[in-house]
Amino acid sequence: MSGVHPTHALPVEPSAAHSIQEFEHGYEEEQRLRGFRSACGFVTATWGLRCPRCGQFDLKEFSLSGKGVVAAYTVQNVPADEFVNDAPYAYVLIDLDEGGRISGWMPTVRAVGDLSIGDRVHWVASYKPGVQFEKDAGASATPGR
Amino acid sequence: MTREAWVLGAASNRFGKMKESGREAASRVALEAIQMAGVEPKDIGYTFVANAFGIAERQAHVGPLINTALGIPEVPSCTIESACSSSSAALHEAFVHVAGGFHDAALVVGVEKLSHLDTLTATSYFAIGADYPFESHNGATFPGLYATIADAHMNRYGTQTEQLGSVAVKNHLNASLNPHAHFQRPITMDTYLNSPVIASPLRLYDCCPFSDGAAALVVVAAEKYPNPRTEPLVIRASARAGSIADMHDRPELTGLPASQRASQLAFQQAHVERGQVDFMEVHDCFTIAELVALEDMGFFPRGGAGKATEEGLTARDGKLPVNPSGGLKAKGHPVSATGASQVVEIFEQFNGMAGARAVPKTNIALAHNVGATGSSASVHIFGRR
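Computed from a predicted structure; not experimentally measured. (Residues numbered from 1 in each chain as written. Chains lettered and ligands numbered in written order. Predicted model: local features only at pLDDT ≥ 70, side-chain atom pairs only at ≥ 80, totals over all residues. Heavy atoms only, no water.)

J.: So what's going on with the overall build of chain B? Which residues, and what values?
T.: Of the regular secondary structure elements, chain B holds 12 helices and 11 strands. At 19 Å, chain B has a C-alpha radius of gyration in line with the 21 Å of a compact globule built from 385 residues. Dimensions of chain B, computed from the C-alpha atoms along their principal axes, are close to 55 × 45 × 40 Å. Counting every position in chain B, which comprises 385 residues, the buried fraction comes to 66%. Element-wise, carbon and sulfur atoms account for 52% of the exposed surface of chain B, whose accessible area totals about 12,900 Å². Side-chain charges in chain B split into 30 positive and 37 negative, and the spacing between the mean points of these groups amounts to 4 Å. (Helix = DSSP H or I, 4+ residues; strand = E, 2+ residues; numbered from the N terminus. Rg over C-alpha atoms; globule rule 2.2 N^0.38 Å. Buried < 20%, exposed > 50% of the residue type's maximum accessible area, 1.4 Å probe, protein only. Areas by Shrake-Rupley, 256 points an atom, 1.4 Å probe, with all protein chains shown as cover. Lys, Arg positive; Asp, Glu negative; His and termini not counted. Charge placed at Lys NZ, Arg CZ, Asp CG, Glu CD.)

Here it is in structure tokens:
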């Protein structure tokens, strides 16, 4: 019958309610990092509808601590276009204390010797784009290369 | 239904800076590949185009323009986009159509033109191939993303700067013998070591250039072309795989799971052992990418490809020649032409057209092509009739 749409009892997928914009709003306005933990234990700070590891949809949202250690980094002398006035800066991959890994950037790391893999860092809210990290006070920086 | 499929014609222009537009270059190499194959243009059943950044030329939907220029406007076409693996994805689609019996001949054309953009704009176009909100928006460029792979690889396996440099020196030497190559001169290790750091630990000579270029392939059903005029490449495997898109969400930073999966699938399809591969073209957008590719596909143990390269095993006259064309690193990397151009190199090697860069043996060859930081990967294996 025209104009009538059947309704189906679809399973509720909680993560489907979230948008990429909310992640960015979280960084800049709410001062929190959104994270999701899957039933399989996978932790991600990337938008999605189901767990990329196990495929299940029961992703639970929580606020990430923003604390962790440097898994890998690079000091970029040639910047991305939104960071053209910030070079050199570090692009970093951070292993979070609660599990999972997140990418971010560190404007205060301007040379390879300013940071090392394994250094402890924490997230700082910023009006600038992206997820910004700072080194913890007293964190070692052993020039590795 | 599957049937044997061949690459019967293959052509490329010289990579670098093109004066003409992408559609003109694509049409010219397509016609060259068709004529080389001895196929009538009207026999092409489908045209698969790769042109990821066509919008940079204010031109999308380039397939019908190419087909019209070739005098076959009625032939259907579509554009396949898989970042830097776009034309190997297009080859895969052509293979599926021909081996599956939908068409007896298909055209694959990859083309890119970015040289009219400044470096910052071109870098930004490349960044669109990553996860823009969750990687690029955190400051990552493509050199930066691969630099974190290099950083993790060096930290875990002790890979040395000079080992990365040995990839660059080898590939520039090979490119110096390739008339299609963007860079035509060899470099020394000193030149490499003295080049500026772009994204630590990667230097200028660790990075592929922004290149314009076009490459085309003609894929046919073997049963329909009993008397080929060229030595065809028998497509023994055409495999693609994906992985978690964001590098930071993958458990391992020193390898690309999509390359691992695609190569496993390809070796299963081809019934070929790694030791049977005579030479290969691999995705070396950065020097570290060549080392990681060789390890991902199981040719060397984890952390072993750097030493093998340094010892000359992957040189043109080595035990396992890698990137005799010069690779993306020195032949150049016109994004959507790259995957097809790898097959052009294999075709020329099989047909005695490689001149001074000819490798010693050409019975089994492999082409490995990656999209972005490995969220997509293609592996093709070719043999002789």
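Anyway, onward from the coordinates.
J.: Give me unusual backbone geometry: which residues, what numbers.
T.: Omega for the peptide link from A:Ala87 to A:Pro88 comes to -5 degrees, which places this bond in the cis form. Here the residue pair B:Ser200 and B:Pro201 is connected by a cis peptide bond, since its omega of 5 degrees sits within 30 degrees of zero. Among the secondary structure elements, B:Pro201 is positioned in the loop between β5 (197-199) and β6 (202-203). The residue B:His271 is not glycine, and still its phi comes out positive at about 55 degrees. With respect to the element layout, B:His271 can be found in the loop between α8 (257-270) and β9 (279-281).

J.: Go over the packing of helix α5 (residues 142-157) of chain B against helix α9 (residues 287-296) of chain B with me, naming the residues and quoting the values.
T.: Residues and elements named next belong to chain B. It is the contact of α5 with α9, at a shortest axis distance of 10 Å, that shows an interaxial angle of 60 degrees. α9 is crossed by α5, and the crossing has left-handed handedness. Along its contact with α5, which presents Tyr146, Ile149, Ala150 and His153, the element α9 presents Ile288, Ala289, Val292 and Glu295. (Axes fitted to C-alpha atoms, helices over the stretch in contact; angles between N-to-C directions. Left-handed = near helix turned anticlockwise from the far one by under 90°. Contact = heavy atoms within 4.5 Å.)

J.: How would you sum up α9(B)? Please name residues and give values.
T.: All names here are of chain B. Buried residues dominate α9, accounting for 10 of its 10 residues. Among the residues of α9, Thr287, Ile288, Ala289, Glu290, Leu291, Val292, Ala293, Leu294, Glu295 and Asp296 are the ones counted as buried. At the exit of α9 stands Gly298, carrying a positive phi of roughly 85 degrees.

J.: Lay out the packing of aromatic side chains with the relevant residues and their values.
T.: Residue and element names in this part refer to chain A. A full pass over the atoms with the stated rule returns 12 aromatic pairs over all chains. Summarising the aromatic geometry, the rings of Phe83 and Trp105 are spaced 4.7 Å apart at their centres and angled 80 degrees between planes, so their arrangement reads as edge-to-face. Of this pair, Phe83 sits in the loop between β4 (67-76) and β5 (89-96) while Trp105 sits in strand β6 (residues 101-106), and the two are 22 residues apart along the sequence. Note on Phe83: relative accessible area 0%, which makes it buried. (Phe/Tyr/Trp six-rings, centres within 6.5 Å; stacked < 30°, edge-to-face > 60°.)

J.: An account of the interface of chain B and chain A is needed here, citing residue identities and associated values.
T.: Contact residues are listed per partner, giving 34 residues for chain B and 39 residues for chain A. When the buried area of chain B at its contact with chain A is split by residue, B:Phe134, B:His137 and B:Asn138 rank highest and sum to 23% of it. For the pair chain B and chain A, the number of links is 0 salt bridges. For the interface between chain B and chain A, the tally reads 22 residue pairs in polar contact (both at pLDDT 80 or more). The set of elements that each furnish at least two residues to the side of chain B that touches chain A consists of α4 (119-127), α5 and β5 of chain B. Tallying contributions element by element places α5(B) first for the side of chain B that touches chain A, with 8 residues. Its residues placed into classes, the side of chain B that touches chain A shows 17 nonpolar, 11 polar and 6 charged. (Buried area = accessible area lost by both parts, 1.4 Å probe. Salt bridge = Lys/Arg side-chain N within 4 Å of Asp/Glu carboxyl O. Polar contact = N/O pair within 3.5 Å; in protein donor to acceptor, adjacent residues only side chain to side chain. Nonpolar A, V, L, I, M, F, W, Y, C, P; charged D, E, K, R; others polar.)

J.: Can you tell me about the pairing of β5(A), naming the residues and giving the values?
T.: Each regular strand shows side chains that alternate between the opposite faces of the sheet. Residue and element names in this part refer to chain A. When you tally the buried positions in β5, you get 7 out of 8 residues, the bulk of the element. Here β4 runs beside β5; their pairing, made up of 8 bridges, is antiparallel. When the bridges of β5 are listed, Val75 appears paired with Ala90. Count of turn residues in the β5/β6 antiparallel hairpin: 4 residues, of which Gly99 carries a positive phi of about 95 degrees. (Pairing = 2+ DSSP bridges.)

J.: Tell me about the sheet that holds strand β2 (residues 43-44) of chain A, and please be specific about residues and values.
T.: Residue and element names in this part refer to chain A. Ordered by their spatial adjacency, 3 strands build an open sheet running β2-β1-β3, and the pairing between neighbours is antiparallel. Of all the strands in the sheet, the pair left with one neighbour each is β2 and β3 (60-64). For strand β1 (residues 33-37) and β2, the ladder comprises 2 bridges, and the chain directions are antiparallel. Pairing of Phe36 across the sheet is with Thr44, part of β2.

J.: Mind laying out the pattern of salt bridges, listing which residues take part and the relevant values?
T.: Residue and element names in this part refer to chain A. Going through the model one piece at a time under the given rule, you end up with 20 salt bridges over all chains. Notably, a salt bridge pairs Arg34 with Glu61, separated by 2.9 Å at the nearest N-O pair. With Arg34 in strand β1 and Glu61 in strand β3, this pair connects stretches of sequence that are 27 residues apart. Residues participating in the shared-partner salt-bridge network are Arg32, Arg34 and Glu61.

J.: Requested: an account of the sheet that holds strand β10 (residues 365-371) of chain B, with residues and values cited.
T.: All names here are of chain B. Strand order in the open sheet formed by 9 strands is β3-β2-β4-β7-β1-β8-β11-β10-β9, and the pairing between neighbours is mixed. One side of each edge strand has no neighbouring strand; the edge strands of this open sheet are β3 (77-79) and β9. Looking at each pair of strands side by side, their axes are set apart by 25 degrees on average, direction ignored.

J.: Would you mind going over a nonpolar patch on the surface in detail, with residue names and values included?
T.: Taken together, A:Ile20, A:Trp47 and A:Leu49 make up a surface patch of nonpolar side chains, about 230 Å² in accessible area. Mapped onto the elements, A:Ile20 comes out in helix α1 (residues 20-30). (Patch = residues over 30% accessible without salt bridge, like charges linked within 9 Å, V, L, I, M, F, W, Y side chains within 5 Å.)

J.: Account for the side chain of B:Gln342, with residues named and values stated.
T.: Residues and elements named next belong to chain B. Tracing the backbone shows Gln342 in helix α12 (residues 338-350). When its relative accessible area of 1% is taken as the criterion, Gln342 is described as buried. Leaving out residues up to four positions away in the same chain, Gln342 has contacts with Glu281, Val282, His283, Leu328, Lys331, Ala367, His368 and Asn369.

J.: Outline the environment of B:Ile72, listing residues and values.
T.: Residues and elements named next belong to chain B. Position of Ile72 relative to the elements: it lies in the loop between α2 (63-69) and β3. Between the C-alpha atoms of Ile72 and Lys42, which are 30 residues apart in sequence, the distance is 6.1 Å. Aside from chain neighbours lying at most four places away, what touches Ile72 is Pro41, Lys42, Ile44 and Asn67.

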